[in-house]
Amino acid sequence: MRIDVVSIFPEYLAPLDLSLVGKARQRGQLDVRVHELREFTHDVHRTVDDTPYGGGPGMVMKPQPWAEALDAVVASGDGGVPTLVVPTPSGRPFTQELAQQLAAEPWLAFAPARYEGIDRRVIEDAAERMPVIEVSIGDYVLAGGEVAVLVIVEAVARLLPGVLGNAESHQDDSFAPGRMADLLEGPVYTKPAEWRGREVPDVLLSGNHQKIARWRREQAFARTLRNRPDLVARWRREDMDKHDLKA
Ligand code: ADE
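Parameters at a glance
Residues numbered from 1 in each chain as written. Predicted model: local features only at pLDDT ≥ 70, side-chain atom pairs only at ≥ 80, totals over all residues. UniProt positions renumbered as here; feature names shortened; annotations may be inferred. Helix = DSSP H or I, 4+ residues; strand = E, 2+ residues; numbered from the N terminus. Contact = placed C-beta atoms within 7 Å. Near = placed C-beta within 6 Å. Nonpolar A, V, L, I, M, F, W, Y, C, P; charged D, E, K, R; others polar. Domains from an automatic or database assignment. Core = buried A, V, L, I, M, F, W, Y, C linked by C-beta atoms within 7 Å. Buried ≥ 20, exposed ≤ 12 C-beta atoms within 10 Å, placed from the backbone. Expected span 1.5 Å × (residues − 1). Axes fitted to C-alpha atoms, helices over the stretch in contact; angles between N-to-C directions. Parallel < 35°, antiparallel > 145°, perpendicular 65-115°, else oblique. Left-handed = near helix turned anticlockwise from the far one by under 90°. Pairing = 2+ DSSP bridges.

The name given to the protein chain in an unreviewed UniProt entry is tRNA (guanine-N(1)-)-methyltransferase, with Streptacidiphilus monticola as the source organism. Here is the UniProt Function (unreviewed entry) comment for the protein chain, exactly as written: "Specifically methylates guanosine-37 in various tRNAs." Heading Sequence similarities (unreviewed entry) of the UniProt record for the protein chain holds this comment: "Belongs to the RNA methyltransferase TrmD family."

Chemist: I would appreciate a short explanation of the UniProt feature "binding site: S-adenosyl-L-methionine" (unreviewed entry) in the protein chain in the present structure.
Modeler: In this structure's numbering, the residues bearing the UniProt feature "binding site: S-adenosyl-L-methionine" (unreviewed entry) are I137, G138, D139, Y140, V141 and L142. You can see Y140 is positioned in the loop between β7 (132-136) and α5 (146-157). Tracing the backbone through its elements, the reader meets L142 in the loop between β7 and α5. The residues contacting L142, other than those within four sequence positions of it, are V147 and A148.

Chemist: Help me out: how do you make sense of the site of the ligand in this one?
Modeler: Surrounding the ligand, one finds P87, T88, P89, S136, I137, G138, Y140, V141, L142, G145 and A148. Considered class by class, the residues forming the shell around the ligand number seven nonpolar, four polar and no charged.

Chemist: I tried to follow the domain arrangement of the protein chain on my own but got confused; where do I start?
Modeler: A common way to state how big an interface is: give the accessible area lost once the parts meet. By domain assignment, the protein chain separates into domain 1 (2-157) and domain 2 (177-247). Here domain 1 and domain 2 have C-alpha centroids that lie 37 Å from each other.

Chemist: Explanation requested: the nonpolar core in the structure shown.
Modeler: Where a protein is soluble and globular, its nonpolar side chains tend to be buried together. Counting residues in hydrophobic clusters, the biggest one holds 43 residues, and the most contacted among them are A111, V149, I152 and V153. Of all the elements in the fold, those that place two or more residues in this core are β1 (2-7), α1 (19-26), α2 (63-75), β5 (83-93), α3 (96-103), β6 (107-110), α4 (120-127) and α5. When residues of this core are assigned to their parent elements, the largest contribution, eight residues, is made by α5. Discounting residues that sit within four places of it in the chain, I152 has contacts with V85, P87, F94, V135 and I137.

Chemist: So what exactly am I meant to see when it comes to α5 here?
Modeler: Since the α-helix turns once every 3.6 residues, residues separated by three or four places project in the same direction. With twelve residues, α5 should reach 16 Å at 1.5 Å per residue; the first-to-last C-alpha distance of 16 Å fits that figure. Among the twelve residues that make up α5, nine are buried, leaving the element largely enclosed by the rest of the structure. Here α5 has its buried residues at E146, A148, V149, L150, I152, V153, A155, V156 and A157.

Chemist: It is not clear to me how the packing of α2 against α4 should be interpreted in this structure. Could you clarify?
Modeler: Each pair of packed helices gets described by two things: the angle between the helix axes and the distance between those axes. Here α2 crosses α4 at 25°, and the two axes come no closer than 9 Å. Compared by their axis directions, α2 and α4 come out roughly parallel. In this structure, the crossing between α2 and α4 has a hand that is right-handed. Here α2 contributes P63, W66, A67 and L70 to the contact with α4, which in turn contributes R121, V122, D125 and A126. Partitioning the contact of α2 with α4 into residue classes produces six nonpolar, no polar and two charged.

Chemist: In this structure, what is going on with the environment of V151? I would like to understand it.
Modeler: With respect to the helices and strands, the residue V151 is situated in helix α5. Separated by 14 residues in sequence, V151 and I137 place their C-alpha atoms 7.8 Å apart.

Chemist: What should I look at first to understand the pairing of β6 in this one?
Modeler: Where a strand is regular, its side chains alternate between the two sheet faces. Inspection of the sheet shows β1 paired to β6 by four bridges, in the parallel sense. The residue of β6 that forms the bridge with R2 is W107. As paired strands, β5 and β6 are joined by three bridges and run parallel to one another. Bridged to T83 within β6 is L108.

Chemist: What should I look at first to understand the environment of R216 in this one?
Modeler: Relative to the assigned elements, R216 resides in helix α7 (residues 209-227). Here the alpha-carbon distance between R216 and D17, two residues 199 residues apart in the chain, equals 35 Å.

Following this line, the structure appears as structure tokens:
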């Protein structure tokens, strides 16, 4: 997969060199290219923002540098276009399902904004040439979209074939559509079996895989009830039966 990110703070994207995403890049599974938005300005001050029409606080990102940056990204491809992901608190919620959809794309471009956002016409203009999706990573406002890019890229990268060691290890993820939909993962333990007087639950040492699976499901249900009652409201009878937790 190819990923382009245009930002006024390319340094903010440095974590893309590390850990899982960094390793995927080294292995050639991910081709990540970070571009500096100010390279696409033409004035001595390298201006990327201006005051908002209609008044109000803050500044708005100017259309010209963004349009030229996105044009350059598209021109550097081999004739295709990327799916443009615009992180914004006004976007549609980022979910595991959306991460899976994005993981199926060959090419993503990210346009993280600073200030009050990007002039709307940039998004409209881009949408005439490529798929555009505005995405929010949660109901809070960050100082800019770069951290949202890190979140989205990490969630997408670990779904790419061969990136995680164990091919099955994301099927049990909390929120994964399918088997564990709307269910949080339960607690996990490792050695030693006793630590600071606390013991690992007996069932996990029992070797009885059926019992262990049932205990894990019970823990997942309990945790979801406690932490995410909104998810519980989406549970359906059929799913409960599927999870073998009939009353
Ligand atoms: N930019 C600022 N806040 C954001 C959020 N919650 N999600 C995505 N991009 C953002």
